[in-house]
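# Residue-level structural notes
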Amino acid sequence: MSGLIFNGLVNGIIVGGLYALLGLSLSLLYGVLRVVNFAHGELVIGGSFVAYLLFNALGLPPLLALPVAAVGFFVVGWGAYYLLIPRLSRSDDPESMSFLLMYGFSIALAAAMLLLFGADSRSIDYSFSPISVPIGPVNVSTARLVALGVTVIVTLAMGWFLFRTLPGKALRAAAMNREAIQIVGVNIVRLSALAFALAFGLAGVTGVLIALVFPAFSPFSGGEYSIIGFIVIVLGGLGNPIGALIAGVFFGIAEQMATVFLPQALAQIVGFALLVATVLVRPTGLFGFRALR
């Protein structure tokens, strides 16, 4: 039993790191623009297919696909902002319209991936040497450890960006009070485009890592990751990037440990139980804050 618990803890930290990246990118987008991105899961799976395509067409290892996905999705996100979001601001109810817009965007992305890659599940037939590494009483896949290492590097880089650079501090300030930062001369349109592009770039990176950690993915997998992302940002506090990181790791560990102590069918509802409990006990999330007025 101790070996199973240790295995669940290790895998929980690895999977939780990916969930943290999911939550971070969603939280940035909601915090700055108040846009709920229903297409986030499809963007993540798009990153997985980018890694799959580069590996099968060019023989490019998944780790080298990371910068391609990050830069490519960042550029697409920057362009998508100016194509989609300014039109929302001219509507009578921008937040409600964003629901419909991003939901339609998610359907379009899923249909495009289905057209390009078919309905079959795909995987990247790539392995590291050695295949696994012994950690305590269990052997952990090298691919999962590499994904964890990349997740830590990306998280630290985002932490440095958010806390040590002026654009990062402006993003955190916009998440707290979007109107107030415009008084001091911040260009909210350019800042919002940066948040949109960063969310897309992080989604692409997360997709590549998911292709390393999980055995298969398909055009229909996006909805699952969108739901996980929403659970994470509600747990961490809407619009709170640091809360999303902590909540992602917490949720990953809780989910993996549940598979040790509970039947498989019951283990799947742990995330929703945590979500409901958080909303009932602390509606602002575990690390949420109230917007300043």
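Heads up: the structure comes first, above all this text.
Fair warning: this is a prediction, and the values are worked out from it, not measured in the lab. (Residues numbered from 1 in each chain as written. Predicted model: local features only at pLDDT ≥ 70, side-chain atom pairs only at ≥ 80, totals over all residues. Heavy atoms only, no water.)

Only one face of strand S2 (residues 138-141) is buried, namely the one carrying Val 138 and Val 140, since none of Asn 139 and Ser 141 on the opposite face is buried. Summarising the sheet, strand S1 (residues 132-135) and S2 pair through four bridges and their orientation is antiparallel. The residue bridging Pro 134 from the neighbouring strand is Asn 139, located in S2. Counting the residues that bridge the hairpin from S1 to S2 gives two residues, and of these Gly 136 lies at a positive phi of roughly 60°. (Buried < 20%, exposed > 50% of the residue type's maximum accessible area, 1.4 Å probe, protein only. Helix = DSSP H or I, 4+ residues; strand = E, 2+ residues; numbered from the N terminus. Pairing = 2+ DSSP bridges.)

Tallying each qualifying case throughout the model produces 18 aromatic pairs. Taken together, a centroid distance of 6.3 Å and an interplanar angle of 85° make the contact between Phe 38 and Tyr 103 edge-to-face. Taken as a pair, Phe 38 in the loop between helix H1 (2-33) and helix H2 (40-58) and Tyr 103 in helix H4 (residues 94-117) lie far apart in primary sequence, 65 residues in all. Over the ring of Phe 163 we find Arg 172, and its NZ or CZ is 4.1 Å from the ring centre. (Phe/Tyr/Trp six-rings, centres within 6.5 Å; stacked < 30°, edge-to-face > 60°. Lys NZ or Arg CZ within 6 Å of the ring centre and 35° of its normal.)

Moving on, we get to the packing of H2 against helix H8 (residues 188-213). Where H2 meets H8, the closest approach of the two axes is 7 Å, and the angle between their N-to-C directions is 55°. Here H2 lies oblique to H8, going by the angle between them. Crossing of H2 against H8: the hand is right-handed. Residues His 40, Leu 43, Val 44, Gly 47, Ser 48 and Ala 51 of H2 form the contact with H8, whose participating residues are Ala 199, Phe 200, Ala 203, Gly 204, Thr 206, Gly 207, Val 208, Ile 210 and Ala 211. (Axes fitted to C-alpha atoms, helices over the stretch in contact; angles between N-to-C directions. Parallel < 35°, antiparallel > 145°, perpendicular 65-115°, else oblique. Left-handed = near helix turned anticlockwise from the far one by under 90°. Contact = heavy atoms within 4.5 Å.)

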